[in-house]
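Commentary on secondary and tertiary structure
So you can see what is in the structure, the chains are spelled out below.
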Amino acid sequence: MNSLILRMIAGRVVVALVTLLIVAVVIFFATALLPGDVAQILLGQAATPEAVAGLRTAMHLDQPAAVRFLLWLRNLATGDLGTSYVNNLPVSQLIGGRLVNSLKLAGITAAVSVPFALTIGITAAILRGTLVDRIISFFTIAVISVPEFMVATLAVIIFAVYLGWLPALSMTGDITTISGLLKAFAMPVITLSFVICAQMIRMTRAAVIETLSAPYVEMALLKGASPSRIVLRHALPNALGPIVNAVALSLSYLLGGVIIVETIFNYPGIAKLMLDAVSTRDLPLIQSCAMIFCLAYLLLITIADLVAIISNPRLRKA
């Protein structure tokens, strides 16, 4: 790995860290601007001014916003997410189980979506210009145009109401059996997979088509190499970087879809926890959940950029 690639990787990591710091500033001050007095909300309207003032002091709400931000950032850097205003429990304890549930949902969705999308995308690239390619392109564009909440609503109407195959709400039945577990995850996974697969298929198709148009592929074709050999031995190895980049970028769409899906299907994940925290003005919990979402999104985008840098043959030869 040459010095140019190392400098570009270091620069991208620095940009990611600076972006994360900017995101932390935005999250903290955006939550601080929420209307209402947290201490008054927690104690109720019948609380005395002395009790409200005492609670504000205990929660450091009487300090300037800049001081509270630096204190919060210092605790965040040491792994201390604070204490929930509503439950009076460590935020890390509240997030722990919910984060595991969200990771399970994301992992199952990725395990279903990635192989399917890569297979369809590579097939569309190999058969570009044919009827199969046009049909795949039509359906991917149509799916991308439909928002996640509409896909979730249609899934409930079709599979839960009309056919009666799946429960409308996740985790409401028996999940100790394999069939029960499949039913619990089926609706959220179907909804998330739609948009992710559509994005990944389009990006994979574009990456493979670009590789198939390279001069060395045309040379292999002139030498009489079979189509399968051209794809497996020449196109795919060189398209691996763009394909991994496409997978990372597509999986970043999970983060936006998870918030909608967990809410509609009442899935006990971190997104549902954050929405519940917003309704109760639980600022430490809101800030921690938002930072986790932003960190995950930034990590996926950074991985995609690093893969694009490392896999670029022009940079490797520089």
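Refer to the structure printed above.
Residues numbered from 1 in each chain as written. Predicted model: local features only at pLDDT ≥ 70, side-chain atom pairs only at ≥ 80, totals over all residues. Heavy atoms only, no water.

Counting its regular elements, the chain contains 13 helices and zero strands. Listing every helix and strand of the chain by position from the N terminus yields α-α-α-α-α-α-α-α-α-α-α-α-α. Sequence separation of 24 or more characterises 71% of the internal contacts of the chain that already satisfy a separation of 6 or more. When the accessible area of the chain is evaluated, it comes to approximately 17100 Å², of which 71% is carbon and sulfur surface. (Helix = DSSP H or I, 4+ residues; strand = E, 2+ residues; numbered from the N terminus. Contact = heavy atoms within 4.5 Å. Areas by Shrake-Rupley, 256 points an atom, 1.4 Å probe, with all protein chains shown as cover.)

Take L105: it is sitting in helix α5 (residues 91-126). A relative accessible area of 0% places L105 in the buried class. Along the sequence, L105 and V258 sit 153 residues apart, while their C-alpha atoms lie 8.6 Å from each other. Beyond its immediate chain neighbours, meaning those up to four positions away, L105 contacts F185, P188, V189, L192, E262 and Y267. (Buried < 20%, exposed > 50% of the residue type's maximum accessible area, 1.4 Å probe, protein only.)

Let us look at the nonpolar core. Within the largest apolar cluster, 62 residues are counted, with the highest numbers of intra-cluster contacts made by I95, M187, L192, L251, L285 and C289. Ranked by residue count, the leading element in this core is helix α8 (residues 178-212), at 13 residues. Here this core spans two domains, and each of domain 1 (1-90) and domain 2 (98-309) adds at least three residues to it. When near neighbours in sequence (up to four residues on either side) are disregarded, M187 contacts A155, V156, F159, A160, L166, P167 and F265. (Core = buried A, V, L, I, M, F, W, Y, C linked by side-chain atoms within 4.5 Å. Domains from an automatic or database assignment.)

All right, on to the environment of P242 then. In this structure, P242 sits in helix α10 (residues 227-264). Separated by 66 residues in sequence, P242 and A308 place their C-alpha atoms 6.4 Å apart. Other than its neighbours up to four places away in sequence, P242 contacts A207 and S311.

What follows is about unusual backbone geometry. Residue N266 is not a glycine yet carries a positive backbone phi of 55 degrees. Relative to the elements of secondary structure, N266 occurs in the loop between α10 and α11 (270-279).

Spanning 14 residues, helix α6 (residues 131-144) covers 20 Å between terminal C-alpha atoms, matching the ideal 20 Å at 1.5 Å per step. Residues of α6 that are buried include every one of D133, I136, T140 and V143, and no others. Here the buried residues of α6 occupy an arc of 100 degrees about the axis, which is enough to place them on one side. Facing away from the buried side of α6, by more than 90 degrees, are the exposed residues L131, R134 and F138. (Expected span 1.5 Å × (residues − 1). Arc of directions from axis to C-beta.)

Here we come to the pattern of salt bridges. Opposite charge on two side chains permits them to pair, given that their charged atoms come into close proximity. If you walk through the whole model with that rule in mind, you get three salt bridges. Of the charged contacts in the structure, one is a salt bridge between D305 and R12, with a shortest N-O distance of 2.5 Å. With D305 in helix α12 (residues 283-310) and R12 in helix α1 (residues 3-32), this residue pair connects regions lying 293 residues apart in the sequence. Taking relative accessible area as the criterion, R12 reaches 16% and is therefore assigned buried. A salt bridge links D133 to R205, with the nearest nitrogen and oxygen atoms 2.8 Å apart. Of this pair, D133 sits in helix α6 while R205 sits in helix α8, placing them 72 residues apart in sequence. (Salt bridge = Lys/Arg side-chain N within 4 Å of Asp/Glu carboxyl O.)

Judged by side-chain polarity, F149, M150, L154, I157, I158, Y162, L163 and W165 come together as a nonpolar surface patch covering roughly 840 Å² of accessible area. Tracing the backbone through its elements, the reader meets L163 in the loop between α7 (148-162) and α8. Look at L163 and you get partly exposed, because its relative accessible area is 34%. (Patch = residues over 30% accessible without salt bridge, like charges linked within 9 Å, V, L, I, M, F, W, Y side chains within 5 Å.)

Turning our attention to the side chain of Q287. With respect to the helices, strands and loops of the structure, Q287 is situated in helix α12. Judged by relative accessible area, which is 5%, Q287 ranks as buried. Beyond its immediate sequence surroundings of up to four residues, Q287 is in contact with I27, F28, T31 and W72.

Moving on: the side chain of K272. Its location among the elements puts K272 in helix α11. Aside from chain neighbours lying at most four places away, what touches K272 is R98, E262, T263, N266 and Y267.

Remember, this is a structural readout, not a statement about activity or role.
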